[in-house]
Amino acid sequence: GLQQIEVVTEVDSTNARALQALQTGVRTGLFVAEYQHAGRGRRGRGWLSPLASSLCFTLAWRFNSGAAALEGLSLAVGLALQQALAEQGVEQVGLKWPNDLLVAQAKLAGILIELSGDAAGECQVAIGIGLNVALPEAVAEQLDQPCIDLRALGFSGSRTALLAALVRRLIQVLQRFEAGGFAQLRPDWEAVNVFQGQSVRLTSGTHSFDGVCLGVTDQGGLRLQTDKGQEVFHGGEISVRAH
Ligand code: BTN
């Protein structure tokens, strides 16, 4: 089980809460909020979550390994969410490297993993998930990319039950990841990779690379067939899109 579970109406960011808790010695925890007034997205962006329109939660976790082994973690987390959603009848979800959940090119959920400490061979992580449930139209219009929510996918089940299913599957997948790394999850990940076998353009800073997406490595790097041969790309400020 989880050592600490905290459900609140409002918080700055559930990731910030989880990082605080980890720093004060909590080993595993779940932090859930109905509303975040300073929700964080990837690449220093914000994350909008109007009241009750999404599921915002963070799992605090510790790994007995250095951060280097965690490259595949965000992929593993995406896979866990995709699997839990499929179990709940939401079957159209694909994964976009490194960690967006998409349905027909529109974003359903995002993942933000933040490290708190990487000392003595132990690595503390806040695994934050924002899943669109029923975004008000006014909010959807403000976003910088096409979004979709569970309501549009016909999901009308309980958010609480869904949260429980997501967390249960996440814990299972994290335990598998801890024991055997990303390699064992790789075939499942590639099976739902939205770009598998597709032409993509990858952008990193001022550089861009065109190629066909071959899948991912056992560590979670993105594999492209470019005109120079096979190349592997690692996280950071990289974006990938169809080309
Ligand atoms: C992304 O940019 O795609 C990642 C978005 C992650 C948002 C979630 S909502 C719960 C958790 N708390 C935060 O402040 N961010 C993450």
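Below or above, wherever it landed, is the structure these notes cover.

## A look at the site of the ligand
- If you check the shell around the ligand, you find 19 residues, and the closest are Ser13, Gln36, Arg40, Arg42 and Lys107.
- Arg42 has a polar backbone atom sitting 2.7 Å from an oxygen atom of the ligand.
- Bound to the protein, the ligand loses 98% of the 420 Å² it would expose on its own.
- Put simply, the parts of the chain that give the shell around the ligand at least two residues each are helix H1 (14-23), strand E3 (54-63), strand E6 (106-119) and strand E7 (122-132).
- With four residues, the single largest contributor to the shell around the ligand is E6.
- For the shell around the ligand, the per-class residue count stands at five nonpolar, ten polar and four charged.

## Brief notes about helix H4 (residues 159-180)
- Taking 1.5 Å per residue, 22 residues should reach 32 Å; H4 reaches 31 Å between its end C-alpha atoms and fits that length.
- Within the sequence span of H4, burial applies to Leu162, Leu163, Ala165, Leu166, Val167, Arg169, Leu170, Ile171, Val173, Leu174 and Phe177.
- Buried residues along H4 sit against strand E2 (29-36), E3, helix H2 (73-87) and E7.
- Of the residues that open H4, the one with a side-chain oxygen 3.2 Å from the backbone nitrogen of Thr160 is Ser158.
- Just downstream of H4 lies Gly181, where phi reads positive at about 75°.

## Looking at the packing of aromatic side chains
- Going through the model one piece at a time under the given rule, you end up with two aromatic pairs.
- For the pair Phe63 and Phe177, a centre-to-centre distance of 5.9 Å together with 80° between the ring planes defines the contact as edge-to-face. On the criterion of sequence distance, the pair formed by Phe63 in strand E3 and Phe177 in helix H4 is long-range, its members being 114 residues apart.
- With a relative accessible area of 5%, Phe177 lands in the buried category.
- Measuring from centroid to centroid gives 4.8 Å for Phe209 and Phe233, while their planes differ by 55°, and the two rings are tilted. Of this pair, Phe209 sits in strand E9 (residues 207-216) while Phe233 is found in strand E11 (residues 229-233), placing the two residues 24 residues apart along the sequence.

## Observations regarding H1
- Within H1, seven of the ten residues are buried, which leaves it mostly tucked inside the rest of the structure.
- Of the residues making up H1, those classed as buried are Thr14, Asn15, Ala16, Ala18, Leu19, Ala21 and Leu22.
- Two or three places before Asn15, at the opening of H1, Ser13 has a side-chain oxygen 3.1 Å from that residue's backbone nitrogen.
- Looking one or two places after H1, you find Gly25, whose phi comes out positive at around 105°.

## Quick word on the packing of H2 against H4
- Close contact between H2 and H4 brings their axes to 8 Å; oriented N to C, the two are set at 140°. Here H2 is positioned oblique relative to H4, judged by the angle of their axes. In terms of crossing hand, the pair formed by H2 and H4 is right-handed. Packed against H2, whose contacting residues are Leu73, Ala76, Val77, Ala80, Leu81, Gln83, Ala84, Leu85 and Glu87, the element H4 presents Leu162, Ala165, Leu166, Arg169, Leu170, Val173, Leu174 and Phe177 at the interface.

What counts and what doesn't
Residues numbered from 1 in each chain as written. Predicted model: local features only at pLDDT ≥ 70, side-chain atom pairs only at ≥ 80, totals over all residues. Heavy atoms only, no water. Near = heavy atom within 4 Å. Polar contact = N/O pair within 3.5 Å; in protein donor to acceptor, adjacent residues only side chain to side chain. Areas by Shrake-Rupley, 256 points an atom, 1.4 Å probe, with all protein chains shown as cover. Helix = DSSP H or I, 4+ residues; strand = E, 2+ residues; numbered from the N terminus. Nonpolar A, V, L, I, M, F, W, Y, C, P; charged D, E, K, R; others polar. Expected span 1.5 Å × (residues − 1). Buried < 20%, exposed > 50% of the residue type's maximum accessible area, 1.4 Å probe, protein only. Contact = heavy atoms within 4.5 Å. Phe/Tyr/Trp six-rings, centres within 6.5 Å; stacked < 30°, edge-to-face > 60°. Axes fitted to C-alpha atoms, helices over the stretch in contact; angles between N-to-C directions. Parallel < 35°, antiparallel > 145°, perpendicular 65-115°, else oblique. Left-handed = near helix turned anticlockwise from the far one by under 90°.

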